[in-house]
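Structural overview
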Amino acid sequence: MEKRSFFSLIMMLVCSITIQAQSKNWTLEECIKYAIQNNISIKQTELDSKAAAIDKKDAKGNFLPSLNANASHSWNIGLNQDITTGLLRNQTTQFTSAGANVGIDIYKGLQNQNTLRKANLSIVAGKYQLLKMQEDVALNVANAFLQVLFNKENLKVQKEQLAINEKQYSRSEELVNAGSIPRGDLLDIKATVASNNQNVIAADNALLISKLSLAQLLQLKDFENFDVIEGTSAKDENNIMTETPTAIYEKAKEGRTELKIAKTNLEIAEKNVAIAKGAFQPTLQGFYSFNSRVSYADVPQYDPTTGTIIGTQSPDPFWTQFSDNKGQSFGAQLSIPIFNGFSVRNNVERSKVSLEKSKIALEQQDLDLQRNVYTAFTDAKGALNAHESSIVALESRQEAYNYAKEKYAVGLMNSFDFNQSQTLLTNAQSEVIRTKYDYIFKIKILEFYFGIPIIKN
(Lines give C-alpha, C1' and ligand atoms only; values in the text may rest on other atoms or scores of the structure.)
Protein backbone atom coordinates (compact mmCIF):
# COMPACT_ATOMS: atom_id res chain seq x y z
CA MET A 1 0.00 0.00 0.00
CA GLU A 2 2.87 2.34 0.89
CA LYS A 3 4.62 1.59 -2.43
CA ARG A 4 1.43 2.35 -4.34
CA SER A 5 1.01 5.69 -2.52
CA PHE A 6 4.64 6.59 -3.16
CA PHE A 7 4.25 5.75 -6.88
CA SER A 8 1.07 7.88 -7.09
CA LEU A 9 2.89 10.79 -5.47
CA ILE A 10 5.73 10.54 -8.00
CA MET A 11 3.28 10.47 -10.93
CA MET A 12 1.47 13.53 -9.58
CA LEU A 13 4.76 15.42 -9.33
CA VAL A 14 5.77 14.43 -12.88
CA CYS A 15 2.39 15.49 -14.26
CA SER A 16 2.60 18.77 -12.37
CA ILE A 17 6.04 19.51 -13.78
CA THR A 18 4.87 18.61 -17.30
CA ILE A 19 1.84 20.91 -17.08
CA GLN A 20 3.99 23.75 -15.79
CA ALA A 21 6.48 23.25 -18.64
CA GLN A 22 3.71 23.27 -21.22
CA SER A 23 2.01 26.31 -19.68
CA LYS A 24 5.09 28.50 -19.41
CA ASN A 25 4.94 31.84 -21.15
CA TRP A 26 7.23 32.24 -24.15
CA THR A 27 9.28 35.30 -25.02
CA LEU A 28 9.70 36.47 -28.61
CA GLU A 29 13.32 35.31 -28.55
CA GLU A 30 12.33 31.83 -27.36
CA CYS A 31 9.63 31.58 -30.03
CA ILE A 32 12.01 32.52 -32.85
CA LYS A 33 14.81 30.20 -31.70
CA TYR A 34 12.39 27.30 -31.30
CA ALA A 35 10.87 27.94 -34.72
CA ILE A 36 14.29 28.03 -36.39
CA GLN A 37 15.11 24.65 -34.84
CA ASN A 38 11.80 22.97 -35.64
CA ASN A 39 10.16 24.70 -38.60
CA ILE A 40 9.47 22.28 -41.49
CA SER A 41 10.45 24.74 -44.24
CA ILE A 42 13.82 25.32 -42.56
CA LYS A 43 14.40 21.57 -42.27
CA GLN A 44 13.68 21.16 -45.99
CA THR A 45 16.17 23.92 -46.82
CA GLU A 46 18.77 22.23 -44.61
CA LEU A 47 18.31 19.05 -46.68
CA ASP A 48 18.95 21.09 -49.84
CA SER A 49 22.25 22.24 -48.31
CA LYS A 50 23.19 18.63 -47.59
CA ALA A 51 22.42 17.73 -51.21
CA ALA A 52 24.75 20.53 -52.36
CA ALA A 53 27.51 19.08 -50.18
CA ILE A 54 27.01 15.69 -51.85
CA ASP A 55 27.29 17.36 -55.28
CA LYS A 56 30.65 18.75 -54.18
CA LYS A 57 31.84 15.22 -53.36
CA ASP A 58 30.84 14.20 -56.90
CA ALA A 59 32.82 17.12 -58.32
CA LYS A 60 35.90 16.10 -56.34
CA GLY A 61 35.50 12.53 -57.50
CA ASN A 62 35.90 13.64 -61.13
CA PHE A 63 39.60 14.28 -60.44
CA LEU A 64 40.19 10.73 -59.18
CA PRO A 65 41.01 7.79 -61.46
CA SER A 66 38.33 5.24 -62.23
CA LEU A 67 39.10 1.62 -61.33
CA ASN A 68 37.00 -1.32 -62.53
CA ALA A 69 37.63 -5.03 -62.03
CA ASN A 70 36.02 -7.90 -63.94
CA ALA A 71 35.98 -11.68 -63.70
CA SER A 72 34.18 -14.49 -65.50
CA HIS A 73 33.99 -18.27 -65.54
CA SER A 74 32.58 -20.17 -68.53
CA TRP A 75 31.91 -23.70 -69.75
CA ASN A 76 32.40 -24.43 -73.45
CA ILE A 77 30.91 -27.66 -74.85
CA GLY A 78 31.45 -28.95 -78.38
CA LEU A 79 33.81 -27.73 -81.09
CA ASN A 80 36.09 -25.24 -79.41
CA GLN A 81 39.48 -23.78 -80.13
CA ASP A 82 42.22 -25.09 -77.91
CA ILE A 83 43.81 -22.05 -76.29
CA THR A 84 47.17 -23.84 -76.25
CA THR A 85 47.44 -25.17 -79.83
CA GLY A 86 44.86 -23.02 -81.55
CA LEU A 87 43.31 -26.16 -83.10
CA LEU A 88 39.59 -26.90 -83.12
CA ARG A 89 38.55 -29.88 -81.03
CA ASN A 90 35.36 -31.46 -79.74
CA GLN A 91 35.76 -31.08 -76.00
CA THR A 92 34.28 -29.62 -72.86
CA THR A 93 36.42 -26.93 -71.31
CA GLN A 94 36.24 -24.41 -68.50
CA PHE A 95 37.89 -21.02 -68.48
CA THR A 96 38.38 -18.37 -65.81
CA SER A 97 39.38 -14.90 -66.83
CA ALA A 98 39.99 -11.77 -64.75
CA GLY A 99 41.13 -8.23 -65.38
CA ALA A 100 41.23 -4.65 -64.17
CA ASN A 101 41.05 -1.29 -65.93
CA VAL A 102 42.20 2.10 -64.72
CA GLY A 103 41.32 5.40 -66.41
CA ILE A 104 42.03 9.02 -65.53
CA ASP A 105 41.19 12.36 -67.13
CA ILE A 106 44.36 14.24 -68.01
CA TYR A 107 42.63 17.14 -69.73
CA LYS A 108 38.91 17.72 -70.20
CA GLY A 109 38.54 21.35 -71.22
CA LEU A 110 38.72 22.46 -67.53
CA GLN A 111 35.24 21.05 -67.06
CA ASN A 112 36.17 19.20 -63.86
CA GLN A 113 37.73 22.34 -62.35
CA ASN A 114 34.72 24.48 -63.23
CA THR A 115 32.32 21.83 -61.95
CA LEU A 116 34.10 21.87 -58.58
CA ARG A 117 33.98 25.67 -58.46
CA LYS A 118 30.27 25.54 -59.28
CA ALA A 119 29.71 22.99 -56.49
CA ASN A 120 31.46 25.31 -54.01
CA LEU A 121 29.22 28.18 -55.12
CA SER A 122 26.15 25.96 -54.77
CA ILE A 123 27.10 25.26 -51.14
CA VAL A 124 27.40 29.00 -50.52
CA ALA A 125 24.03 29.59 -52.22
CA GLY A 126 22.51 26.84 -50.05
CA LYS A 127 23.76 28.56 -46.89
CA TYR A 128 22.26 31.84 -48.07
CA GLN A 129 18.97 30.12 -48.86
CA LEU A 130 18.91 28.62 -45.37
CA LEU A 131 19.64 32.01 -43.82
CA LYS A 132 16.90 33.61 -45.93
CA MET A 133 14.41 30.98 -44.80
CA GLN A 134 15.39 31.54 -41.17
CA GLU A 135 14.93 35.29 -41.61
CA ASP A 136 11.50 34.81 -43.18
CA VAL A 137 10.43 32.47 -40.39
CA ALA A 138 11.70 34.95 -37.77
CA LEU A 139 9.63 37.76 -39.34
CA ASN A 140 6.55 35.55 -39.54
CA VAL A 141 6.97 34.50 -35.91
CA ALA A 142 7.42 38.12 -34.82
CA ASN A 143 4.26 39.12 -36.67
CA ALA A 144 2.28 36.23 -35.17
CA PHE A 145 3.71 36.96 -31.70
CA LEU A 146 2.63 40.61 -31.88
CA GLN A 147 -0.80 39.53 -33.12
CA VAL A 148 -1.21 37.41 -29.98
CA LEU A 149 -0.20 40.38 -27.81
CA PHE A 150 -2.70 42.60 -29.62
CA ASN A 151 -5.52 40.10 -29.14
CA LYS A 152 -4.65 39.67 -25.44
CA GLU A 153 -4.81 43.41 -24.80
CA ASN A 154 -7.94 43.78 -26.88
CA LEU A 155 -9.59 41.01 -24.85
CA LYS A 156 -8.73 42.89 -21.65
CA VAL A 157 -10.31 46.05 -23.03
CA GLN A 158 -13.50 44.21 -23.96
CA LYS A 159 -13.70 42.53 -20.55
CA GLU A 160 -13.14 45.81 -18.74
CA GLN A 161 -15.87 47.44 -20.82
CA LEU A 162 -18.20 44.54 -20.05
CA ALA A 163 -17.51 44.89 -16.33
CA ILE A 164 -18.23 48.64 -16.49
CA ASN A 165 -21.50 48.11 -18.33
CA GLU A 166 -22.58 45.36 -15.93
CA LYS A 167 -22.05 47.76 -13.02
CA GLN A 168 -23.91 50.41 -14.96
CA TYR A 169 -26.77 47.97 -15.51
CA SER A 170 -26.99 47.26 -11.78
CA ARG A 171 -26.93 51.00 -11.04
CA SER A 172 -29.61 51.63 -13.67
CA GLU A 173 -31.87 49.01 -12.07
CA GLU A 174 -31.69 50.93 -8.83
CA LEU A 175 -32.46 54.20 -10.63
CA VAL A 176 -35.43 52.63 -12.44
CA ASN A 177 -36.82 51.27 -9.15
CA ALA A 178 -36.39 54.72 -7.65
CA GLY A 179 -38.15 56.28 -10.61
CA SER A 180 -35.14 58.42 -11.56
CA ILE A 181 -34.82 57.11 -15.13
CA PRO A 182 -37.31 55.45 -17.49
CA ARG A 183 -37.33 51.68 -17.92
CA GLY A 184 -36.39 52.08 -21.60
CA ASP A 185 -32.92 53.25 -20.56
CA LEU A 186 -32.44 50.03 -18.62
CA LEU A 187 -33.35 47.99 -21.68
CA ASP A 188 -30.81 49.92 -23.76
CA ILE A 189 -28.09 49.17 -21.23
CA LYS A 190 -29.13 45.52 -21.14
CA ALA A 191 -28.74 45.34 -24.91
CA THR A 192 -25.33 46.99 -24.57
CA VAL A 193 -24.23 44.37 -22.03
CA ALA A 194 -25.33 41.60 -24.42
CA SER A 195 -23.36 43.25 -27.22
CA ASN A 196 -20.31 43.51 -24.93
CA ASN A 197 -20.60 39.79 -24.20
CA GLN A 198 -20.47 39.07 -27.91
CA ASN A 199 -17.40 41.30 -28.26
CA VAL A 200 -15.65 39.42 -25.44
CA ILE A 201 -16.42 36.08 -27.09
CA ALA A 202 -15.16 37.35 -30.47
CA ALA A 203 -11.97 38.73 -28.89
CA ASP A 204 -11.39 35.46 -27.03
CA ASN A 205 -11.80 33.48 -30.26
CA ALA A 206 -9.40 35.81 -32.08
CA LEU A 207 -6.82 35.26 -29.32
CA LEU A 208 -7.22 31.49 -29.59
CA ILE A 209 -6.77 31.56 -33.39
CA SER A 210 -3.70 33.79 -33.13
CA LYS A 211 -2.15 31.41 -30.57
CA LEU A 212 -2.88 28.52 -32.92
CA SER A 213 -1.18 30.32 -35.81
CA LEU A 214 1.92 31.04 -33.73
CA ALA A 215 2.02 27.50 -32.35
CA GLN A 216 1.87 26.08 -35.88
CA LEU A 217 4.83 28.23 -36.93
CA LEU A 218 6.70 26.77 -33.95
CA GLN A 219 5.45 23.23 -34.76
CA LEU A 220 3.81 22.97 -31.31
CA LYS A 221 0.86 20.63 -30.96
CA ASP A 222 -0.45 21.66 -27.54
CA PHE A 223 -1.41 25.21 -28.52
CA GLU A 224 -4.22 25.47 -25.93
CA ASN A 225 -1.67 25.62 -23.08
CA PHE A 226 0.65 27.87 -25.09
CA ASP A 227 0.98 31.51 -24.09
CA VAL A 228 3.40 34.41 -24.53
CA ILE A 229 4.92 37.02 -22.25
CA GLU A 230 3.30 40.45 -22.35
CA GLY A 231 4.83 43.89 -21.90
CA THR A 232 6.07 44.94 -25.34
CA SER A 233 6.19 48.73 -25.68
CA ALA A 234 5.96 50.83 -28.82
CA LYS A 235 9.42 52.36 -28.72
CA ASP A 236 12.06 52.86 -31.38
CA GLU A 237 14.85 51.48 -29.20
CA ASN A 238 17.46 51.54 -31.98
CA ASN A 239 16.46 55.01 -33.26
CA ILE A 240 15.96 53.59 -36.74
CA MET A 241 13.55 56.39 -37.63
CA THR A 242 16.40 58.89 -37.37
CA GLU A 243 18.00 57.26 -40.42
CA THR A 244 17.10 58.29 -43.96
CA PRO A 245 15.61 55.80 -46.43
CA THR A 246 18.72 56.17 -48.60
CA ALA A 247 21.02 55.29 -45.69
CA ILE A 248 18.90 52.24 -44.85
CA TYR A 249 18.94 51.14 -48.50
CA GLU A 250 22.73 51.47 -48.79
CA LYS A 251 23.12 49.49 -45.58
CA ALA A 252 20.71 46.85 -46.83
CA LYS A 253 22.68 46.42 -50.07
CA GLU A 254 25.69 45.33 -48.02
CA GLY A 255 24.02 42.60 -46.04
CA ARG A 256 20.67 41.53 -47.44
CA THR A 257 20.55 37.80 -48.03
CA GLU A 258 18.40 37.95 -51.16
CA LEU A 259 21.06 40.05 -52.91
CA LYS A 260 23.75 37.58 -51.89
CA ILE A 261 21.67 34.73 -53.28
CA ALA A 262 21.19 36.57 -56.60
CA LYS A 263 24.93 37.33 -56.86
CA THR A 264 25.86 33.71 -56.10
CA ASN A 265 23.36 32.43 -58.67
CA LEU A 266 24.99 34.76 -61.22
CA GLU A 267 28.41 33.25 -60.47
CA ILE A 268 26.94 29.75 -60.81
CA ALA A 269 25.50 30.69 -64.21
CA GLU A 270 28.94 31.91 -65.30
CA LYS A 271 30.46 28.55 -64.32
CA ASN A 272 27.75 26.75 -66.29
CA VAL A 273 28.80 28.70 -69.39
CA ALA A 274 32.46 27.76 -68.80
CA ILE A 275 31.52 24.08 -68.35
CA ALA A 276 29.49 24.09 -71.56
CA LYS A 277 32.33 25.76 -73.53
CA GLY A 278 34.74 23.13 -72.22
CA ALA A 279 32.97 20.52 -74.35
CA PHE A 280 34.42 22.22 -77.49
CA GLN A 281 37.95 21.34 -76.43
CA PRO A 282 39.76 18.00 -76.93
CA THR A 283 39.90 15.51 -74.07
CA LEU A 284 42.94 13.44 -73.14
CA GLN A 285 42.58 10.31 -71.02
CA GLY A 286 45.16 7.91 -69.70
CA PHE A 287 44.39 4.23 -69.33
CA TYR A 288 45.92 1.00 -68.00
CA SER A 289 44.53 -2.53 -68.40
CA PHE A 290 45.53 -5.88 -66.89
CA ASN A 291 44.07 -9.32 -67.76
CA SER A 292 44.80 -13.02 -67.43
CA ARG A 293 43.08 -16.39 -67.93
CA VAL A 294 43.12 -19.97 -66.66
CA SER A 295 42.02 -23.19 -68.43
CA TYR A 296 40.89 -26.36 -66.66
CA ALA A 297 41.10 -28.68 -69.74
CA ASP A 298 43.76 -31.39 -70.08
CA VAL A 299 46.61 -30.37 -72.34
CA PRO A 300 47.11 -32.81 -75.33
CA GLN A 301 50.56 -34.29 -76.02
CA TYR A 302 51.64 -34.54 -79.70
CA ASP A 303 54.13 -36.76 -81.49
CA PRO A 304 56.75 -34.35 -82.83
CA THR A 305 57.22 -36.50 -85.98
CA THR A 306 53.65 -37.25 -86.99
CA GLY A 307 51.85 -34.47 -85.16
CA THR A 308 49.27 -36.89 -83.78
CA ILE A 309 47.98 -36.83 -80.23
CA ILE A 310 49.70 -39.50 -78.18
CA GLY A 311 48.23 -38.57 -74.76
CA THR A 312 47.11 -35.78 -72.44
CA GLN A 313 48.62 -33.96 -69.51
CA SER A 314 46.90 -32.32 -66.59
CA PRO A 315 46.78 -28.49 -66.80
CA ASP A 316 49.27 -26.41 -64.85
CA PRO A 317 48.23 -25.14 -61.41
CA PHE A 318 45.81 -22.18 -61.24
CA TRP A 319 48.27 -19.51 -60.16
CA THR A 320 50.94 -20.78 -62.57
CA GLN A 321 48.57 -20.34 -65.50
CA PHE A 322 47.38 -16.98 -64.15
CA SER A 323 50.97 -15.76 -64.06
CA ASP A 324 51.96 -17.21 -67.46
CA ASN A 325 48.87 -15.88 -69.28
CA LYS A 326 48.80 -12.35 -67.87
CA GLY A 327 48.83 -9.35 -70.18
CA GLN A 328 48.98 -5.59 -69.73
CA SER A 329 48.26 -2.52 -71.85
CA PHE A 330 48.50 1.20 -71.19
CA GLY A 331 48.46 4.42 -73.10
CA ALA A 332 46.59 7.65 -73.71
CA GLN A 333 43.50 8.42 -75.76
CA LEU A 334 42.89 11.77 -77.42
CA SER A 335 39.34 12.68 -78.42
CA ILE A 336 38.69 15.74 -80.60
CA PRO A 337 35.05 16.87 -81.02
CA ILE A 338 34.33 17.67 -84.66
CA PHE A 339 30.58 17.47 -85.11
CA ASN A 340 27.96 16.40 -82.60
CA GLY A 341 24.68 17.61 -84.03
CA PHE A 342 25.12 21.13 -82.61
CA SER A 343 24.49 19.76 -79.11
CA VAL A 344 27.57 21.41 -77.58
CA ARG A 345 26.87 24.74 -79.24
CA ASN A 346 23.23 24.62 -78.13
CA ASN A 347 24.30 23.87 -74.55
CA VAL A 348 26.57 26.91 -74.62
CA GLU A 349 23.79 29.11 -75.97
CA ARG A 350 21.38 27.73 -73.39
CA SER A 351 23.86 28.49 -70.61
CA LYS A 352 24.33 32.03 -71.91
CA VAL A 353 20.56 32.58 -71.82
CA SER A 354 20.51 31.41 -68.19
CA LEU A 355 23.40 33.78 -67.47
CA GLU A 356 21.44 36.72 -68.86
CA LYS A 357 18.44 35.71 -66.76
CA SER A 358 20.63 35.68 -63.66
CA LYS A 359 21.92 39.18 -64.46
CA ILE A 360 18.37 40.46 -64.86
CA ALA A 361 17.32 38.70 -61.65
CA LEU A 362 20.14 40.46 -59.76
CA GLU A 363 19.08 43.84 -61.14
CA GLN A 364 15.45 43.13 -60.30
CA GLN A 365 16.39 42.06 -56.78
CA ASP A 366 18.24 45.32 -56.27
CA LEU A 367 15.22 47.31 -57.50
CA ASP A 368 12.88 45.27 -55.28
CA LEU A 369 15.12 45.91 -52.28
CA GLN A 370 15.11 49.66 -52.91
CA ARG A 371 11.33 49.71 -53.27
CA ASN A 372 10.83 47.54 -50.17
CA VAL A 373 13.09 49.74 -48.03
CA TYR A 374 11.36 52.97 -49.05
CA THR A 375 7.96 51.33 -48.60
CA ALA A 376 8.93 49.99 -45.16
CA PHE A 377 10.18 53.42 -44.11
CA THR A 378 6.98 55.11 -45.29
CA ASP A 379 4.83 52.44 -43.60
CA ALA A 380 6.74 52.82 -40.31
CA LYS A 381 6.42 56.59 -40.41
CA GLY A 382 2.71 56.33 -41.18
CA ALA A 383 2.23 53.76 -38.39
CA LEU A 384 3.94 56.08 -35.90
CA ASN A 385 1.70 58.98 -36.91
CA ALA A 386 -1.37 56.74 -36.69
CA HIS A 387 -0.37 55.54 -33.21
CA GLU A 388 0.27 59.06 -31.92
CA SER A 389 -3.05 60.23 -33.37
CA SER A 390 -4.89 57.30 -31.76
CA ILE A 391 -3.43 58.24 -28.36
CA VAL A 392 -4.69 61.81 -28.76
CA ALA A 393 -8.08 60.49 -29.88
CA LEU A 394 -8.23 58.15 -26.85
CA GLU A 395 -7.53 61.01 -24.48
CA SER A 396 -10.35 63.02 -26.04
CA ARG A 397 -12.73 60.05 -25.98
CA GLN A 398 -11.88 59.41 -22.33
CA GLU A 399 -12.69 63.00 -21.38
CA ALA A 400 -15.89 62.88 -23.43
CA TYR A 401 -16.90 59.65 -21.68
CA ASN A 402 -16.21 61.09 -18.24
CA TYR A 403 -18.34 64.13 -19.09
CA ALA A 404 -21.12 61.90 -20.49
CA LYS A 405 -20.99 59.76 -17.35
CA GLU A 406 -21.53 62.81 -15.17
CA LYS A 407 -24.43 64.03 -17.31
CA TYR A 408 -26.04 60.55 -17.33
CA ALA A 409 -25.73 60.32 -13.54
CA VAL A 410 -27.80 63.48 -13.07
CA GLY A 411 -30.30 62.65 -15.80
CA LEU A 412 -29.05 65.13 -18.40
CA MET A 413 -28.23 62.43 -20.97
CA ASN A 414 -30.26 59.46 -22.15
CA SER A 415 -28.92 55.90 -22.17
CA PHE A 416 -28.56 55.75 -25.95
CA ASP A 417 -26.17 58.70 -26.12
CA PHE A 418 -24.30 57.41 -23.09
CA ASN A 419 -23.86 53.98 -24.69
CA GLN A 420 -22.60 55.67 -27.84
CA SER A 421 -19.95 57.45 -25.79
CA GLN A 422 -18.91 54.14 -24.21
CA THR A 423 -18.68 52.46 -27.63
CA LEU A 424 -16.52 55.25 -29.03
CA LEU A 425 -14.22 54.98 -26.01
CA THR A 426 -13.85 51.22 -26.47
CA ASN A 427 -13.11 51.65 -30.15
CA ALA A 428 -10.49 54.29 -29.35
CA GLN A 429 -8.82 51.95 -26.84
CA SER A 430 -8.75 49.13 -29.40
CA GLU A 431 -7.34 51.47 -32.03
CA VAL A 432 -4.47 52.49 -29.75
CA ILE A 433 -3.61 48.83 -29.22
CA ARG A 434 -3.85 48.02 -32.92
CA THR A 435 -1.69 50.94 -34.04
CA LYS A 436 0.86 50.19 -31.33
CA TYR A 437 1.57 46.65 -32.52
CA ASP A 438 1.34 47.68 -36.15
CA TYR A 439 4.06 50.28 -35.48
CA ILE A 440 6.21 47.77 -33.56
CA PHE A 441 6.13 45.27 -36.41
CA LYS A 442 6.90 47.89 -39.07
CA ILE A 443 9.85 49.10 -36.98
CA LYS A 444 11.09 45.49 -36.81
CA ILE A 445 10.95 45.24 -40.61
CA LEU A 446 12.86 48.52 -41.01
CA GLU A 447 15.50 47.39 -38.51
CA PHE A 448 15.72 44.11 -40.35
CA TYR A 449 16.65 45.88 -43.59
CA PHE A 450 19.19 47.99 -41.70
CA GLY A 451 20.93 44.84 -40.50
CA ILE A 452 19.61 44.78 -36.93
CA PRO A 453 18.50 41.20 -36.14
CA ILE A 454 15.07 40.57 -34.68
CA ILE A 455 16.72 38.74 -31.78
CA LYS A 456 20.29 39.03 -30.61
CA ASN A 457 22.34 35.88 -31.07
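See the structure printed just above.
Here the structure is a predicted model, which is why all the values come from computation and not from measurement.

Time to look at the side chain of T192. Relative to the helices and strands, T192 resides in helix α5 (residues 183-217). A polar side-chain atom of T192 sits 2.9 Å from a polar atom in the side chain of N419. Apart from residues no more than four positions distant in its own chain, T192 is found in contact with N165, N419 and Q422.

This part is about helix α6 (residues 245-255). Burial in α6 covers these residues: P245, I248, Y249 and A252. The buried side chains of α6 occupy one side of the element, clustering within an arc of 100 degrees when seen end-on. The secondary structure elements touched by the buried residues of α6 are α9 (343-409) and α10 (415-450).

Once the charged atoms of two side chains with opposite charge are near each other, the side chains can pair. This model, assessed by the stated rule, comprises 11 salt bridges. Put simply, E153 and K436 hold a salt bridge, and the shortest N to O gap is 2.9 Å. Within this pair, whereas E153 is found in helix α4 (residues 111-178), its partner K436 is found in helix α10, the two being separated by 283 residues in sequence. When the shortest N-O distance is used, the salt bridge between E258 and R256 registers 2.8 Å. When sorted by exposure, E258 lands in the same class as R256, which is buried. When salt bridges that share partners are traced, they join E135, R256 and E258 into one network.

So, on to unusual backbone geometry. Negative phi is the rule for most residues except glycine; trans is the rule for most peptide bonds. Backbone geometry places Q219, a non-glycine residue, at a positive phi of 60 degrees. With respect to the helices and strands, the residue Q219 is situated in the loop between α5 and β4 (227-228). A positive phi angle, near 65 degrees, is found at F342, a position not held by glycine.

Within the secondary structure, K50 sits in helix α3 (residues 40-61). Here the alpha-carbon distance between K50 and I123, two residues 73 residues apart in the chain, equals 8.5 Å.

Counting residues in each nonpolar core, the largest one holds 43 residues, and the members touching the most others are C31, V141, L214, L218, F226 and I454. Contributions of two or more residues to this core are made by α2 (28-38), α4, α5, α9 and α10. The dominant element in this core, judged by the number of residues it contributes, is α4, at 15 residues. Counting residues in hydrophobic clusters, the runner-up holds 23 residues, among them M241, I248, L259 and L362.

At a minimum axis separation of 7 Å, α6 and α10 run at an interaxial angle of 55 degrees. With respect to each other, α6 and α10 are oriented oblique. The residues of α10 that touch α6, namely those facing A247, I248, K251 and A252, are L446, Y449 and F450. Residues belonging to the contact of α6 with α10 are distributed by class as follows: six nonpolar, no polar and one charged.

In this section: the side chain of S49. By the secondary structure assignment, S49 is in helix α3. A distance of 3.4 Å separates the side chain of S49 from the backbone oxygen of G126, its partner in a polar contact. Apart from residues lying up to four places away in sequence, S49 is in contact with G126, K127 and L130.

We now examine a nonpolar patch on the surface. Residues L334, I336, I338, F339 and F342 make up a contiguous nonpolar surface patch of roughly 630 Å² in combined accessible area. Residue placement: I338 occurs in the loop between β8 (327-335) and α9. Look at I338 and you get exposed, because its relative accessible area is 79%.

Next up on the list: the packing of aromatic side chains. Under the criterion given, the structure shown has nine aromatic pairs. Pairing F290 with F322 gives two aromatic rings, centres 6.3 Å apart and planes at 55 degrees, and the pair type is tilted. One end of the pair, F290, is in strand β5 (residues 283-295); the other, F322, is in helix α8 (residues 318-324), with 32 residues separating them in the sequence. With relative accessibility at 23%, the residue F290 sits in the partly exposed group. For the ring pair F448 and Y449, a centre distance of 6.4 Å and an interplane angle of 55 degrees mean the geometry is tilted. For F448, a relative accessible area of 11% gives the class buried. Through successive ring pairs, a cluster of aromatic residues spans F290, F318, W319 and F322.

Calculation criteria
Residues numbered from 1 in each chain as written. Predicted model: local features only at pLDDT ≥ 70, side-chain atom pairs only at ≥ 80, totals over all residues. Heavy atoms only, no water. Helix = DSSP H or I, 4+ residues; strand = E, 2+ residues; numbered from the N terminus. Polar contact = N/O pair within 3.5 Å; in protein donor to acceptor, adjacent residues only side chain to side chain. Contact = heavy atoms within 4.5 Å. Buried < 20%, exposed > 50% of the residue type's maximum accessible area, 1.4 Å probe, protein only. Arc of directions from axis to C-beta. Salt bridge = Lys/Arg side-chain N within 4 Å of Asp/Glu carboxyl O. Core = buried A, V, L, I, M, F, W, Y, C linked by side-chain atoms within 4.5 Å. Axes fitted to C-alpha atoms, helices over the stretch in contact; angles between N-to-C directions. Parallel < 35°, antiparallel > 145°, perpendicular 65-115°, else oblique. Nonpolar A, V, L, I, M, F, W, Y, C, P; charged D, E, K, R; others polar. Patch = residues over 30% accessible without salt bridge, like charges linked within 9 Å, V, L, I, M, F, W, Y side chains within 5 Å. Areas by Shrake-Rupley, 256 points an atom, 1.4 Å probe, with all protein chains shown as cover. Phe/Tyr/Trp six-rings, centres within 6.5 Å; stacked < 30°, edge-to-face > 60°.

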